[in-house]
Amino acid sequence: MVNIEQSKSYKFAGYDTVELAKKYGTPLYVLSEEIIRSRCREIKTDFLDKHKNTKAAYASKAFLTMTMCKIIESEGLGLDVVSGGELYTAIKAGFPMDKVMLHGNNKSYDEMEMAIANDVGRIIVDHIDELYMIEDIAARLSKTVKILIRVAPGVGGNTHKYITTGQKDSKFGIPLAKETIDEAVIKAMNSRHIELMGFHFHVGSNLFENDSYIAAIDVVMNLYRRLKDDFGFIAKEINTGGGFGIYYTKNDSVKPLKYYTDSIMKAIEDKCKELEIDIPTVIIEPGRWIVGEAGITLYTIGAVKEIPDTRTYASVDGGLPDNPRPALYSAKYEAVIANKYDHKPDRKVTIAGKCCESGDILIWDLDVPQIERGDILAVLSTGAYNYSMASNYNRIPRPAVLLLTKDGEKIIVERETYDDLLSKERVPF
Ligand SMILES: Cc1ncc(COP(=O)(O)O)c(C=O)c1O
Ligand SMILES: N[C@@H](CCCC[NH3+])C(=O)O
């Protein structure tokens with residue numbers, strides 16, 4: 001009898017990933033509906049139900065499709081959008097517009113008009129010019145627009161330089177200088193078409209400590225007290241942004257949601273008490289925390305290249321175009337050889353993408369068992385900012401997105417084809 005070695009394959013959300021790779025091809029984004037929903041429910045139990053006057057919106061830049069809109073809507077969360085494209089996706093998905101917040105540090109007139117015409121719940125104003133734009137559009141459409149003003153609280157998050165946003169020297173938010181803020185507040189208060197609800201800050205992304213939230217809250221609550229004294233302005237809301245960190249590798253000191261939200265609530269309540277002002281409604285807007293760990297990417301290993309006394313590179317059939325995060329932020333990932341999940345790792349290989357770019361390395365020095373062409377690699381925690389940041393570099397079509405549900409797996413975004421890549425081209429000669 002031939003002794004065929006039975007290898008155990010890696011299961012994600014109850015699904016055999018090797019079977020998925022065989023059936024749908026690779027590279028393949030795989031998302032678990034259950035994990036997304038369980039994150040939304042944790043927000044409900046540990047934040048919305050636990051603390052009164054709270055709201056949560058999903059920061060859709062992390063991952064957005066019409067199906068994702070449906071999931072978020074059914075879980076009762078709002079949606080943070082940052083562009084006309086994200087807003088259009090939400091409109092087409094029939095997402096309740098009163099739960100949508102429009103962000104952006106350079107919103108166009110057309111984006112503003114789309115938002116106002118569709119009655120979005122909040123516009124987060126990032127520049128004083130936007131107040132004039134809103135007034136102009138709202139007057140023409142006979143609307144009143146509820147806004148928050150985004151400020152840069154002068155507090156940066158402890159994270160990669162490219163994803164810290166709350167520091168003074170930031171392209172985001174209106175600077176906190178008294179004259180600048182006062183000009184915006186007076187303008188908003190004097191407008192018949194604008195209702196200023198409060199302020200917004202977002203200190204940064206993938207944060208593992210709560211200190212920067214607390215420091216930023218201190219700054220914004222002091223501002224609330226001063227605006228009350230100077231202009232009789234009573235802020236009804238504060239939006240403390242997103243940014244909660246997730247598990248990428250064992251070096252990440254992951255905290256539960258309530259580590260962040262309990263301390264945000266306590267800091268706001270304590271400060272309001274100290275300053276003798278009313279506690280505003282508190283809004284959070286996590287993106288990565290909801291969807292990041294709900295996703296993996298499956299690849300097929302191709303060329304395995306051993307450079308004697310140096311390093312072994314194993315190249316996969318995707319890379320930088322479907323996951324630019326390692327190249328952009330030196331982001332680290334864990335991965336497993338899905339079809340050899342029970343084989344003991346006994347060597348290190350570097351996982352390279354297929355782009356014509358030396359920086360296209362997904363994982364340096366991954367511990368693996370013996371690998372060969374045709375093995376399936378599952379890279380974990382790729383649910384956030386992978387599909388949403390994907391490109392067609394080297395004319396590589398984007399992978400499909402497969403949603404794992406309780407009633408089977410469903411393609412929610414089809415794999416791009418070479419013809420898709422040509423579909424917008426016009427050849428003038
Ligand atoms: C304004 C705003 N809100 C929410 C988020 C979501 O961030 P994260 O995905 O880190 O939760 C971001 C991105 O960092 C943001 O800029
Ligand atoms: N794109 C970043 C997060 C940006 C957050 C939005 N301000 C990442 O992949 O980590």
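Just so we're clear, the structure is a prediction, and the values are computed from it rather than from any experiment.

1. Quick word on unusual backbone geometry
The step from Thr-26 to Pro-27 runs through a cis peptide bond, and the omega angle for that step is -10 degrees. Structurally, Pro-27 can be placed in the loop between α1 (17-24) and β3 (28-32). Of note in the backbone geometry, Ala-13 takes a positive phi value of approximately 50 degrees without being a glycine. Tracing the backbone shows Ala-13 in the loop between β1 (11-12) and β2 (15-16). With relative accessibility at 41%, the residue Ala-13 sits in the partly exposed group. Despite not being glycine, Tyr-385 has its phi angle at roughly 60 degrees, a positive value. Residue placement: Tyr-385 occurs in the loop between β17 (376-380) and β18 (400-405). For Tyr-385, a relative accessible area of 15% gives the class buried.

2. Details of empty space enclosed by the protein
Scanning the entire structure with this criterion turns up three cavities of 30 Å³ or more. Across the lining of the largest cavity, the residue classes break down as five nonpolar, no polar and two charged.

3. Quick word on helix α2 (residues 33-48)
An ideal rise of 1.5 Å per residue puts 22 Å on 16 residues; α2 measures up with 21 Å between its terminal C-alpha atoms. When we look at burial in α2, the residues that qualify are Glu-33, Ile-36, Arg-37, Arg-39, Cys-40, Ile-43, Asp-46 and Phe-47.

4. Quick word on the site of ligand 1
Around ligand 1, the surrounding shell holds 16 residues, and the nearest of these are His-202, Ser-205, Gly-243, Glu-285 and Tyr-385. Between ligand 1 and the protein, one listed contact pairs an oxygen atom with a side-chain N or O atom of Lys-61 at 3.4 Å. Glu-285 places a polar side-chain atom, nitrogen or oxygen, 2.8 Å from a nitrogen atom of ligand 1. Bound to the protein, ligand 1 loses 93% of the 390 Å² it would expose on its own. For the shell around ligand 1, a count of residues per class yields three nonpolar, eight polar and five charged.

5. Regarding the pairing of β17
Note on strand geometry: in a regular strand, side chains alternate between the two faces of the sheet. Counting buried residues along β17, five of its five residues qualify, which places the element largely inside the surrounding structure. The alternating pattern of β17 places Ile-376, Ala-378 and Leu-380 on one face and Leu-377 and Val-379 on the opposite face, and all of these are buried. Relative to β17, strand β12 (residues 295-307) runs antiparallel, the two being bridged by five bridges. For Leu-298, the partnering residue across the bridge sits in β17 and is Ala-378. Bridge count for strand β14 (residues 335-337) against β17 is three bridges, and the pairing is antiparallel. Looking at the pairing, Ile-337 lines up with Leu-377 of β17.

6. A look at the packing of aromatic side chains
On inspection of all chains with the given rule, the structure shows nine aromatic pairs. Ring plane angle 65 degrees and centroid distance 5.0 Å describe the contact between Tyr-10 and Tyr-341, whose orientation is recorded as edge-to-face. Residue Tyr-10 is found in the segment before β1, and its partner Tyr-341 is found in the loop between β14 and β15 (347-352); the two are separated by 331 residues along the sequence. Here Tyr-341 falls in the partly exposed class, since its relative accessible area comes to 40%. Relative to Tyr-260, the ring of Tyr-213 has its centre 6.0 Å away and its plane inclined at 70 degrees; by these criteria the two rings are edge-to-face. Of this pair, Tyr-213 sits in helix α8 (residues 211-231) while Tyr-260 sits in helix α9 (residues 257-275), placing them 47 residues apart in sequence. Residue classification places Tyr-213 among the buried residues on the basis of a relative accessible area of 0%. Taken together through their ring pairs, the aromatic side chains of Tyr-213, Phe-244, Tyr-259 and Tyr-260 make up a single cluster. Its end group placed over the ring of Trp-289, Arg-39 keeps NZ or CZ at 4.5 Å from the ring centre. The ring of Tyr-259 has Lys-255 lying over it, and the distance from NZ or CZ to the ring centre is 4.9 Å.

7. Considering the UniProt feature "binding site: pyridoxal 5'-phosphate" (unreviewed entry) in the protein chain
Residues annotated in UniProt with the feature "binding site: pyridoxal 5'-phosphate" (unreviewed entry) correspond here to Gly-243, Glu-285, Pro-286, Gly-287, Arg-288 and Tyr-385. None of the other annotated residues line the largest pocket; only Gly-243, Glu-285, Gly-287, Arg-288 and Tyr-385 do. Relative to the helices and strands, Pro-286 is located in the loop between β11 (281-284) and α10 (288-291). A relative accessible area of 1% means that Pro-286 is categorised as buried. If we ignore the near neighbours within four places in the chain, the residues touching Pro-286 are Ile-43, Ala-57, Tyr-58, Ala-59, Gly-241, Gly-242 and Phe-244. For Gly-287, the position within the fold is in the loop between β11 and α10. Since its relative accessible area comes to 5%, Gly-287 is described here as buried.

8. A closer look at the UniProt feature "binding site: substrate" (unreviewed entry) in the protein chain
Sequence positions flagged by UniProt for "binding site: substrate" (unreviewed entry) are, in local numbering, Arg-288, Arg-325, Tyr-329, Glu-357 and Tyr-385. An extended arrangement is adopted by the annotated residues: their sequence extent is 98 residues, and the largest C-alpha distance between any two is 26.9 Å. Among the annotated residues just listed, those lining the largest pocket are Arg-288, Arg-325, Tyr-329 and Tyr-385. Locating Tyr-329 in the fold gives a position in helix α11 (residues 325-329). Note on Tyr-329: relative accessible area 15%, which makes it buried. Leaving out residues up to four positions away in the same chain, Tyr-329 has contacts with His-160, Tyr-162, Ile-163 and Met-389. Among all residues touching Tyr-385, those that are not within four sequence positions of it are Lys-61, Ala-62, Arg-288, Pro-324 and Arg-325.

Conventions we followed
- Residues numbered from 1 in each chain as written.
- Chains lettered and ligands numbered in written order.
- Predicted model: local features only at pLDDT ≥ 70, side-chain atom pairs only at ≥ 80, totals over all residues.
- Heavy atoms only, no water.
- Helix = DSSP H or I, 4+ residues; strand = E, 2+ residues; numbered from the N terminus.
- Buried < 20%, exposed > 50% of the residue type's maximum accessible area, 1.4 Å probe, protein only.
- 1 Å grid on protein atoms, 1.4 Å probe; cavity = no way out; pocket = protein on both sides within 12 Å on 5 of 7 lines; lining within 4 Å.
- Points joined across faces, edges and corners; volume = space filled by probe spheres on them.
- Nonpolar A, V, L, I, M, F, W, Y, C, P; charged D, E, K, R; others polar.
- Expected span 1.5 Å × (residues − 1).
- Near = heavy atom within 4 Å.
- Polar contact = N/O pair within 3.5 Å; in protein donor to acceptor, adjacent residues only side chain to side chain.
- Areas by Shrake-Rupley, 256 points an atom, 1.4 Å probe, with all protein chains shown as cover.
- Pairing = 2+ DSSP bridges.
- Phe/Tyr/Trp six-rings, centres within 6.5 Å; stacked < 30°, edge-to-face > 60°.
- Lys NZ or Arg CZ within 6 Å of the ring centre and 35° of its normal.
- UniProt positions renumbered as here; feature names shortened; annotations may be inferred.
- Contact = heavy atoms within 4.5 Å.

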